[in-house]
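# An overview of the molecular structure
Single-letter residue listing:
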Amino acid sequence: MDFHRTRFLMIGKSYRWDISLIIPPMFEFNLVARQDNARAGTFQTPHGELRTPVFAPVGTQATVKTLTPDQLEDLGASLVLSNTYHLYLRPGDELVAEMGGLHEFMQWPQPLLTDSGGYQVFSLSDTRKIDDDGVTFKSHVDGSTHRFTPERSIQIQKNLGADIIMVFDECSDPNDRDYTRIAMERTHRWAERSLQAHRRTDQALFGIVQGGVDLDLRVKSAEFISSLPFPGIAIGGLSVGETKAEMHATLDVVTPLLPENKPRYLMGVGTPEDLIQGIARGIDIFDCVLPTRLARHNAAFSSEGRLNLMNAVYARDPRPIDETCGCYTCRTFTRAYIRHLISAKESLAGTLLSIHNLHTMISLVNEIRAAIIEGTFESKISLWLEQWHGNAERVKMKADQ
Ligand SMILES: [Zn+2]
């Protein structure tokens, strides 16, 4: 079958997207088990099977900061996210393609996901200009002027070569409701243009639902994006300043409208608590910079709350970061040693804290997946929430400062 021949079928009197020509058969999603809205599944990609729910560490510059690919694999990471905006500016997507694509370049043998660059470009609020066709912006590296359109973003992601790629979308300030509507409508037009521009059959292009925290807009967006032949659907525009209650209300409205037979990806979220809440609402894929960003700020997740290892109270503390954690860092080193590395500005501190924080997220998601399959998710959720409630983390953080 010629994948590129046509994108539309004549159905009755109207043209519809021809799904069989757009969703490559290699991206099969199967539900293994479900409990209430929580799902466990498998998603096939050209670089292996993802077992969902899955948490993706973020490797902005084609590296998950301070960790080697071997260390990531030892942690049980499967999917890694890289940022199109950063790689386009440096070293350049064409250079990455020349070096054999992103998998080869960064030596990550498992599935990769790239975002569209939209989120980063729209975050450059002082130096970017948006119109209906695309966005003109200035590079944060050297101040040079660049332009992204849906077609350009897909072309760059094609050069990078990740397994999962994203449509170009506009993420607006959720508190500006009038503008959120305009941004959502633009996102819908750009979703269609991204689909039209998509050519590689070994890349799965995901659509993105926008609409801020306006539930009517979210319904519209979920219905529109679900009507297009994407092999997976993302929910964007969350974890950008709204309250937890608003995030949960948005997910409660959006996920029931999404197709059952496609993976759902909650972009840029979040904390251990967000993971539990998201999975309970039917999310399958997560990514977040938080575990590695916290590590760079000397902070660690723990079952007692968030710890800041720079705190003087740990100077002679012989315990591991978390006595209940089985990661390499906790099996091997004391809080006192890690605090010493931080004080001496040794880069190993970042590595050890990143190992611990990523282990926390990945082992939590694996534990939840096993519970969904065993049918014990519902009975364990309150225990997990009690352990990982955000308030407890904040209280501990305050006590540490
Ligand atoms: Zn640990």
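All figures in this text were calculated on a predicted structure; none of them were measured in a lab. (Residues numbered from 1 in each chain as written. Predicted model: local features only at pLDDT ≥ 70, side-chain atom pairs only at ≥ 80, totals over all residues. Heavy atoms only, no water.)

### Quick notes on a nonpolar patch on the surface
A grouping of Leu-95, Met-99 and Phe-105 is seen on the molecular surface, where their side chains present a nonpolar patch of about 260 Å² in accessible area. Relative to the helices and strands, Phe-105 resides in helix H5 (residues 102-106). For Phe-105, a relative accessible area of 35% translates into the label partly exposed. (Patch = residues over 30% accessible without salt bridge, like charges linked within 9 Å, V, L, I, M, F, W, Y side chains within 5 Å. Areas by Shrake-Rupley, 256 points an atom, 1.4 Å probe, with all protein chains shown as cover. Salt bridge = Lys/Arg side-chain N within 4 Å of Asp/Glu carboxyl O. Helix = DSSP H or I, 4+ residues; strand = E, 2+ residues; numbered from the N terminus. Buried < 20%, exposed > 50% of the residue type's maximum accessible area, 1.4 Å probe, protein only.)

### Considering the coordination of the zinc ion
Where a metal carries four tetrahedral donors, each ideal angle is 109.5 degrees; where it carries six octahedral donors, the ideal angles are 90 or 180 degrees. Taken together, the protein donors to the zinc ion comprise Cys-325 (SG), Cys-327 (SG), Cys-330 (SG) and His-356 (ND1), at separations of 2.1 to 2.3 Å. Considering all four donor atoms around the zinc ion, the spread of angles at the metal, 98 to 119 degrees, places the coordination shape in the tetrahedral class. Read N to C, the donor residues that coordinate the zinc ion are spaced as C-x1-C-x2-C-x25-H. One end of the pair, Cys-327, is in the loop between strand E18 (307-308) and helix H13 (328-332); the other, His-356, is in helix H15 (residues 348-374), and 29 residues separate them in sequence. Under the relative-accessibility criterion, Cys-327 is labelled buried at 2%. In this structure His-356 comes out as buried when scored by relative accessible area, which is 0%. (Donors = N, O, S within 2.8 Å, 3.2 Å for Na, K, Ca; no water. Tetrahedral: all angles 85-135°; square planar, octahedral: opposite > 155°, others 65-115°.)

### Some words on the confidence of the model for the protein chain
On average, the protein chain scores 92 in pLDDT, and the residues at 70 or more come to 91%. With pLDDT under 50 throughout, residues 1-6 is counted as low confidence; its partners more than four residues away or in other chains account for nine contacts. Of the regions scoring below 50 in pLDDT, residues 391-401 engages in 17 contacts with residues more than four places distant in sequence or in other chains. (pLDDT = per-residue confidence, 0-100. Contact = heavy atoms within 4.5 Å.)

### Observations regarding the packing of aromatic side chains
To describe a pair of aromatic rings, one takes the distance between the centres and the angle between the planes. Enumeration according to the criterion identifies 14 aromatic pairs in this entry. An angle of 65 degrees between the planes, with centres 6.0 Å apart, marks the rings of Phe-43 and Phe-206 as edge-to-face. A residue pair is termed long-range when its members are at least 10 positions apart, and Phe-43 in strand E4 (residues 38-45) and Phe-206 in strand E13 (residues 204-209) qualify at 163 residues. Among the residues examined, Phe-43 registers a relative accessible area of 0% and is labelled buried. Measuring from centroid to centroid gives 5.0 Å for Tyr-88 and Phe-148, while their planes differ by 65 degrees, and the two rings are edge-to-face. Residue Tyr-88 is located in helix H3 (residues 84-89), and its partner Phe-148 is located in strand E11 (residues 145-148); the two are separated by 60 residues in the primary sequence. Here Tyr-88 and Phe-148 have matching classes, each one buried. Within the aromatic cluster, the residues linked to one another by ring pairs are Tyr-85, Tyr-88, Phe-122, Phe-137, Phe-148, Phe-168 and Trp-190. (Phe/Tyr/Trp six-rings, centres within 6.5 Å; stacked < 30°, edge-to-face > 60°.)

### Observations regarding the sheet that holds E11
For sheets, the rule is that strands pair by backbone hydrogen bonds, running either parallel or antiparallel. Spatially, three strands are ordered E9-E10-E11 in an open sheet, and the strand pairing comes out antiparallel. Two strands close off the open sheet at either side, each with one partner strand: strand E9 (128-130) and E11. Geometrically, the sheet is characterised by an average inter-axis angle of 15 degrees between neighbouring strands, direction not taken into account. Here three bridges tie E9 to strand E10 (residues 135-138), and the two strands are oriented antiparallel to one another. Residue pairing across strands places Ile-130 opposite Val-135, the latter belonging to E10. (Pairing = 2+ DSSP bridges. Axes fitted to C-alpha atoms, helices over the stretch in contact; angles between N-to-C directions.)

### Considering the sheet that holds E4
Reading across the sheet, the three strands line up as E3-E4-E5 and stay open at both edges, with antiparallel pairing between neighbours. This sheet does not close on itself; its edge strands, each paired only once, are strand E3 (29-35) and strand E5 (48-52). Geometrically, the sheet is characterised by an average inter-axis angle of 10 degrees between neighbouring strands, direction not taken into account. Here E3 runs beside E4; their pairing, made up of six bridges, is antiparallel. Within E4, the position partnered with Asn-30 by the bridge is Thr-42.

### Comments concerning the nonpolar core
Counting 111 residues, the largest nonpolar core has Phe-55, Met-166, Tyr-265 and Phe-377 as its most contacted members. Broken down by element, this core gets its largest block of residues, 12 residues, from H15. (Core = buried A, V, L, I, M, F, W, Y, C linked by side-chain atoms within 4.5 Å.)

### Focus: the packing of helix H11 (residues 272-280) against helix H16 (residues 377-388)
For the pair H11 and H16, the least separation of the axes is 9 Å and the interaxial angle reads 155 degrees. One way to sum up the angle between H11 and H16 is to call them roughly antiparallel. The element H11 and its partner H16 pack so that their crossing is left-handed. Taken together, the residues of H16 that come into contact with H11 (itself represented by Pro-272, Glu-273, Ile-276, Gln-277, Ile-279 and Ala-280) are Phe-377, Ile-381, Trp-384, Leu-385 and Trp-388. Split into classes, the residues belonging to the contact of H11 with H16 amount to nine nonpolar, one polar and one charged. (Parallel < 35°, antiparallel > 145°, perpendicular 65-115°, else oblique. Left-handed = near helix turned anticlockwise from the far one by under 90°. Nonpolar A, V, L, I, M, F, W, Y, C, P; charged D, E, K, R; others polar.)

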